[in-house]
Number of protein chains: 4
Amino acid sequence: MTEYLRKVQYYETDKMGIVHHSNYIRWFEEARIAFLDECGMPFEKLEEQGLVSPVLSVDCKYKTPVSFGQTVKISAEIKEFGAARFKFSYIVCDEKSGAICAIGETSHCFLDSTGRIVSLKKKNPELCSFFEKLITK
Amino acid sequence: MTEYLRKVQYYETDKMGIVHHSNYIRWFEEARIAFLDECGMPFEKLEEQGLVSPVLSVDCKYKTPVSFGQTVKISAEIKEFGAARFKFSYIVCDEKSGAICAIGETSHCFLDSTGRIVSLKKKNPELCSFFEKLITK
Amino acid sequence: MTEYLRKVQYYETDKMGIVHHSNYIRWFEEARIAFLDECGMPFEKLEEQGLVSPVLSVDCKYKTPVSFGQTVKISAEIKEFGAARFKFSYIVCDEKSGAICAIGETSHCFLDSTGRIVSLKKKNPELCSFFEKLITK
Amino acid sequence: MTEYLRKVQYYETDKMGIVHHSNYIRWFEEARIAFLDECGMPFEKLEEQGLVSPVLSVDCKYKTPVSFGQTVKISAEIKEFGAARFKFSYIVCDEKSGAICAIGETSHCFLDSTGRIVSLKKKNPELCSFFEKLITK
């Protein structure tokens, strides 16, 4: 699990005075990339192997609004890793109080450079087992 | 139901060459606001009555990537309207081919100016029945 | 000259209650692309010829804040078109009152597919004279 | 002078494969806010005194494109501080090589809570001299 700290930016707020809900989806991406960096498999390394991993779905439940001046901690982890799909889950907390601000999930697949879905188990079993070991149980 | 047309913007693409997934959440908002405009209850009118309606959850499933140069049609409708919560659903299609690019949902509540949850049924039954009539069956 | 209409989006506002200043730079791009579309030389057509035109500089002066609910009219035109550089200028007005909200400029060059600066006069004199005719005098 | 480090985010890239030019304007804001934090006068403190400081103009010259995977260092400083206006300047470098990616400027004023321009020299001479001491000579 990665705990990614993120200061709220002014340009992320909207006229309600709080962070616009679309930005949490971007925070999830930041935390996911930090997760891959930390476990030694950065995004760039995947791209070098001709793999991209588009987002198949996102889901976010907003619990407490986040304001400018706050720092959030985004905990990201791999929850499932199947033959053709994998899932990340996220918890966004206020860094100071620990109060949960939002929870979410994204699901992904791997595509090769021609845009075709890749079964990592077949194409790159080593990379596949690397990811399987990262699943939070 | 509102059918909202939207040209893809260059700044909405990412280095994969397609629209970044976070932007669909913003398109949902645009379509939702267009929906409220069309049915004569624009956002500004709700705000004048001291009501804001934050997003409680979003959900999006991505089917086909969207590229710069495309125009999408976002169909938005109210699916549920309960005492304290309501739901919108969305279908994003390519305008020309009609191919489905993404489907999604958002859920919302009403807050008054002090930030407290409002039961529209109690506080403003007229507005409540106005929305109930808009539900797509 | 192109007159591009644009409804302000909720997600473009910030906690000051007005459109965040960075979004005007995106509006300039939208108006520039609409300009190229209108004069029959859409961005995609330039890309087909292996040309991209990155932004070399932007400049924006903010006159009157813009709020959610407003529609702005962005007037875009080519102001200079030299051998290696060209300039667009923009005026952002409130659609209803005509009040000027902002004025700006962007400058650009052409790069080929290898990322090298292209002198359009040498490489594609026809396209060059096409653009020269569009300059607002 | 503040030296603000910033990892490039995936969602900040566009289909040219580089950071979209509008995002530099947001980085300037991040660096400006970090500057105010560091010198003990955070944005929130200004807002508590009923002051907001909208952006009057931005200017950015792009030198070298920035890509996903890079970290940039944004050096921000106050360049002028007059009765009714002040200016920040920015240099964006690649953290590793030190190569200059962009340079820019923003100018600002102070408004009170009713939206009127404030002469800080008259209204709050202490705060005014605080800022004057921060000017880089």
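Residues numbered from 1 in each chain as written. Chains lettered and ligands numbered in written order. Predicted model: local features only at pLDDT ≥ 70, side-chain atom pairs only at ≥ 80, totals over all residues. Heavy atoms only, no water.

Novice: Just checking my understanding: could you explain the pairing of strand 2 (residues 55–62) of chain A for this structure?
Specialist: On a regular strand, one side chain projects to one face of the sheet and the next to the other, so that they alternate. Within strand 2 of chain A, 6 of the 8 residues are buried, leaving the element largely enclosed by the surrounding structure. Pairing analysis gives 7 bridges linking strand 2 of chain A to strand 5 (residues 100–108) of chain A, with the strands arranged antiparallel. Its bridge partner lying in strand 5 of chain A, Val55 of chain A is registered against His108 of chain A. With 5 bridges connecting them, strand 2 of chain A and strand 2 (residues 55–62) of chain B associate as antiparallel partners. In the strand pairing of strand 2 of chain B, Asp59 of chain A is matched with Asp59 of chain B. (Buried < 20%, exposed > 50% of the residue type's maximum accessible area, 1.4 Å probe, protein only. Helix = DSSP H or I, 4+ residues; strand = E, 2+ residues; numbered from the N terminus. Pairing = 2+ DSSP bridges.)

Novice: Whenever I open this one, helix 4 (residues 125–132) of chain A confuses me. Can you help?
Specialist: Helical periodicity: at 3.6 residues per turn, an α-helix aligns residues three or four positions apart in one direction. Residues and elements named next belong to chain A. Where helix 4 is concerned, the buried positions are Leu127, Cys128 and Phe131. Buried positions in helix 4, seen along its axis, are confined to an arc of 105° and lie on one side of it. Buried positions along helix 4 lie against helix 1 (22–38), helix 2 (43–48), strand 3 (71–81), strand 6 (110–111) and helix 3 (120–123). (Arc of directions from axis to C-beta. Contact = heavy atoms within 4.5 Å.)

Novice: What should I look at first to understand the packing of helix 1 (residues 22–38) of chain C against helix 1 (residues 22–38) of chain D in this one?
Specialist: In helix packing, the relevant descriptors are the interaxial angle and the interaxial distance, both defined with respect to the helix axes. Closest axis-to-axis distance for the helix 1 of chain C/helix 1 of chain D pair is 8 Å, and the angle between their directions is 175°. Classified by the angle between their axes, helix 1 of chain C and helix 1 of chain D sit roughly antiparallel to one another. Each of Ser22, Asn23, Ile25 and Arg26 of chain C in helix 1 of chain C lies in contact with helix 1 of chain D, whose residues at this interface are Ser22, Asn23, Ile25 and Arg26 of chain D. Among the residues making up the contact of helix 1 of chain C with helix 1 of chain D, the classes are represented as 2 nonpolar, 4 polar and 2 charged. (Axes fitted to C-alpha atoms, helices over the stretch in contact; angles between N-to-C directions. Parallel < 35°, antiparallel > 145°, perpendicular 65-115°, else oblique. Nonpolar A, V, L, I, M, F, W, Y, C, P; charged D, E, K, R; others polar.)

Novice: Hey, could you run me through the interface of chain B and chain A in this one?
Specialist: Interface size is commonly expressed as the accessible surface area that is lost when the partners come together. With 21 residues of chain B at the interface, the matching set in chain A holds 21 residues. The interface formed by chain B and chain A includes 2 salt bridges. The interface formed by chain B and chain A contains 12 residue pairs in polar contact (both at pLDDT 80 or more). For the side of chain B that touches chain A, the elements supplying multiple residues, two or more each, are helix 1 (22–38) and strand 2 of chain B. (Salt bridge = Lys/Arg side-chain N within 4 Å of Asp/Glu carboxyl O. Polar contact = N/O pair within 3.5 Å; in protein donor to acceptor, adjacent residues only side chain to side chain.)

Novice: Would you mind showing me how to read the relation of the copies chain B and chain A here?
Specialist: The relation between the two chain copies is a rotation about an axis coupled with a shift along that axis. Once turned by 180° and shifted 0.0 Å along the axis, chain B lies on chain A with an RMSD of 0.0 Å. Taken together, these values place the two copies in the relation of a two-fold axis. Closest to the rotation axis within chain B is the C-alpha of Asp59 of chain B, separated from it by 2.2 Å. Of all interface residues in chain B, 100% are interface residues in chain A too; the two copies therefore contact each other through one and the same surface. (Least-squares fit on C-alpha atoms with pLDDT ≥ 70 in both.)

Novice: Explain the sheet that holds strand 3 (residues 71–81) of chain C to me, please; I cannot follow it from the model alone.
Specialist: One key point about sheets: their strands pair by backbone hydrogen bonds, in either a parallel or an antiparallel sense. Spatially, 1(C)-3(C)-4(C)-5(C)-2(C)-2(D)-5(D)-4(D)-3(D)-1(D) is the arrangement adopted by the 10 strands of the open sheet, whose pairing is antiparallel. Of all strands in the sheet, those bounded by a partner on one side alone are strand 1 (2–7) of chain C together with strand 1 (2–7) of chain D. This sheet shows a mean twist of 20° between the axes of neighbouring strands, independent of strand direction. Sheet topology places strand 1 of chain D next to strand 3 (residues 71–81) of chain D; 6 bridges connect them, and they run antiparallel. In the strand pairing of strand 3 of chain D, Lys7 of chain D is matched with Thr71 of chain D. Where helix 1 of chain D meets the sheet, it contacts strand 2 (55–62) of chain C together with strand 1, strand 2 (55–62), strand 3, strand 4 (86–94) and strand 5 (100–108) of chain D, and its direction lies at approximately 135° from that of strand 1 of chain D.

Novice: Sorry if this is basic, but what is going on with the interface of chain D and chain C here?
Specialist: Of the residues lining the interface, 21 residues belong to chain D; the matching set on chain C comes to 21 residues. A combined buried area of about 1900 Å² lies between chain D and chain C, and 54% of that area is made up of carbon and sulfur atoms. Put simply, Lys15 of chain D and Glu47 of chain C hold a salt bridge, and the shortest N to O gap is 2.8 Å. Our count for the chain D to chain C interface comes out at 12 residue pairs in polar contact (both at pLDDT 80 or more). Secondary structure elements with two or more residues in the side of chain D that touches chain C: helix 1 and strand 2 of chain D. Of all the elements, strand 2 of chain D adds the most residues to the side of chain D that touches chain C, at 8 residues. Class assignment for the residues of the side of chain D that touches chain C results in 9 nonpolar, 5 polar and 7 charged. (Buried area = accessible area lost by both parts, 1.4 Å probe.)

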